Amino acid sequence: MAATSNGNKNQLRKVYLQKRNALNEDDVLSFSKKICQELIHNFNFNDLNVHLFYPIKTKKEVNTWTIHQAISKSCRLFTSVYSDGLNEWECVSFESNTPFKEKKYHVPVPEFYKSSKWSQIDLILIPLICFDLDGNRVGYGKGIYDSICAQLKKTTIKVGLSFFDHNDVFIDKENHDIALDYCQTPSKLYQFNF
């Protein structure tokens, strides 16, 4: 499906959310495990500071708990916690065995964590709805991931996670959009901007 009209993100979001919602729970788990296996094959996580976003159950997102389990002994884990006082997402670090609970927007967050800095992150794994071959992504449309990526150091590796391979999608880029460096699907690693 090629889409090139101005402001096509809402239409792409609708189409790809329908595709994702059509997946059953077994598909979500199977595809998530394949994405994890491919990531482990394609990236060396040893001694890196790795930021994970944890899945919101009701949205059929990539199950990043499989990635958490696979890399937690070889790297330092970070995630995002919404700070009501600051009215923004805060970068936090935590121990891999820390229990999690659902917070704002049903986002799983660690019960115990330390405030950290976005500049500490070496690699960030970013959920998405669809992507194009320029590394542009469509998310939920709230701008959360772009605002987080804007605070990362320039050398931070940005890796998208997608159940679906590229399918002739062209995304109308906006000024605030920050492109991915890679996108991992169950079958392929896409590389951008190199």
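Everything quoted here is computed from the prediction, not taken from an experiment.

What counts and how
Residues numbered from 1 in each chain as written. Predicted model: local features only at pLDDT ≥ 70, side-chain atom pairs only at ≥ 80, totals over all residues. Heavy atoms only, no water. Helix = DSSP H or I, 4+ residues; strand = E, 2+ residues; numbered from the N terminus. Rg over C-alpha atoms; globule rule 2.2 N^0.38 Å. Buried < 20%, exposed > 50% of the residue type's maximum accessible area, 1.4 Å probe, protein only. Areas by Shrake-Rupley, 256 points an atom, 1.4 Å probe, with all protein chains shown as cover. Lys, Arg positive; Asp, Glu negative; His and termini not counted. Charge placed at Lys NZ, Arg CZ, Asp CG, Glu CD. Salt bridge = Lys/Arg side-chain N within 4 Å of Asp/Glu carboxyl O. Contact = heavy atoms within 4.5 Å. Pairing = 2+ DSSP bridges. Right-handed = clockwise from strand over helix to strand, strands pointing away. Polar contact = N/O pair within 3.5 Å; in protein donor to acceptor, adjacent residues only side chain to side chain. Phe/Tyr/Trp six-rings, centres within 6.5 Å; stacked < 30°, edge-to-face > 60°. Lys NZ or Arg CZ within 6 Å of the ring centre and 35° of its normal. pLDDT = per-residue confidence, 0-100.

Notes on the overall build of the protein
Across its full length, the protein holds four helices and 12 strands. Here the protein has a C-alpha radius of gyration of 16 Å; the compact-globule value for 194 residues is 16 Å, and the two agree. With the C-alpha coordinates of the protein rotated into their principal frame, the extents come out at 45 × 35 × 35 Å. The burial tally for the protein puts 50% of its 194 residues in the buried class. Just so you have it, the protein exposes about 10200 Å², and 47% of that area is on carbon and sulfur atoms. Taken together, the 24 basic and 22 acidic charged side chains of the protein have centroids lying 3 Å from each other.

Observations concerning the side chain of R20
Looking at the secondary structure, you find R20 in helix α1 (residues 9–21). In this structure, R20 is buried with no salt-bridge partner, the nearest side chain bearing the opposite charge being E61 at 4.6 Å. Not counting chain neighbours up to four residues away, the residues in contact with R20 comprise K59, K60, E61, L128, I129, Y140, F163 and F164.

What to know about the pairing of strand β2 (residues 76–83)
Counting buried residues in β2 gives seven out of eight residues, a clear majority hidden from the surface. Strand direction decides the pairing type here: strand β1 (residues 49–52) and β2, joined by three bridges, are parallel. Paired with V50 across the strands is L77, a residue of β2. For the handedness criterion, the β-α-β arrangement of β1, helix α3 (residues 65–71) and β2 is classed as right-handed. Where β2 lies against strand β3 (residues 88–94), seven bridges are found, and the strand directions are antiparallel. Bridge pairing in β3 links S83 to E88. With antiparallel pairing between neighbouring strands as the criterion, β2 and β3 make up a hairpin whose turn holds four residues, including N87 at a positive phi of roughly 60°.

As for the environment of S162
Structurally, the position occupied by S162 is in the loop between β10 (157–161) and β11 (182–184). Here the alpha-carbon distance between S162 and Q184, two residues 22 residues apart in the chain, equals 6.2 Å. Filtering out sequence-adjacent residues up to four positions away, S162 remains in contact with I35, V62, L128, F131, C183, Q184, T185 and P186. A polar side-chain atom of S162 sits 2.8 Å from the main-chain carbonyl oxygen of F164.

Some points on the packing of aromatic side chains
In the structure shown here, the tally under the stated rule is 14 aromatic pairs. Three or more aromatic residues joined by ring pairs form one cluster here, namely Y16, F31, F163 and F164. Taking the ring centre of F164 as reference, the NZ or CZ of K19 above it sits at 4.6 Å. Here K59 stacks its cationic end above the ring of Y140, 4.4 Å away from the centre of that ring.

Quick word on the pattern of salt bridges
Scanning all chains against the criterion turns up four salt bridges. Across the salt bridge formed by K9 and E174, the nearest N and O atoms sit 3.0 Å from each other. Separated by 165 residues along the polypeptide, K9 in helix α1 and E174 in the loop between β10 and β11 bring together distant segments of the chain. For E174, a relative accessible area of 38% translates into the label partly exposed.

Focus on the confidence of the model for the protein
Of all residues in the protein, 96% have pLDDT values of 70 or greater, and the mean over the chain is 91. Looking at the elements of the protein, mean pLDDT is at its lowest for helix α4 (residues 144–149), recorded as 89, and at its highest for β1, recorded as 98. Low pLDDT, under 50, characterises residues 1–6; the stretch is placed with 15 contacts to residues that sit more than four places away or in other chains.

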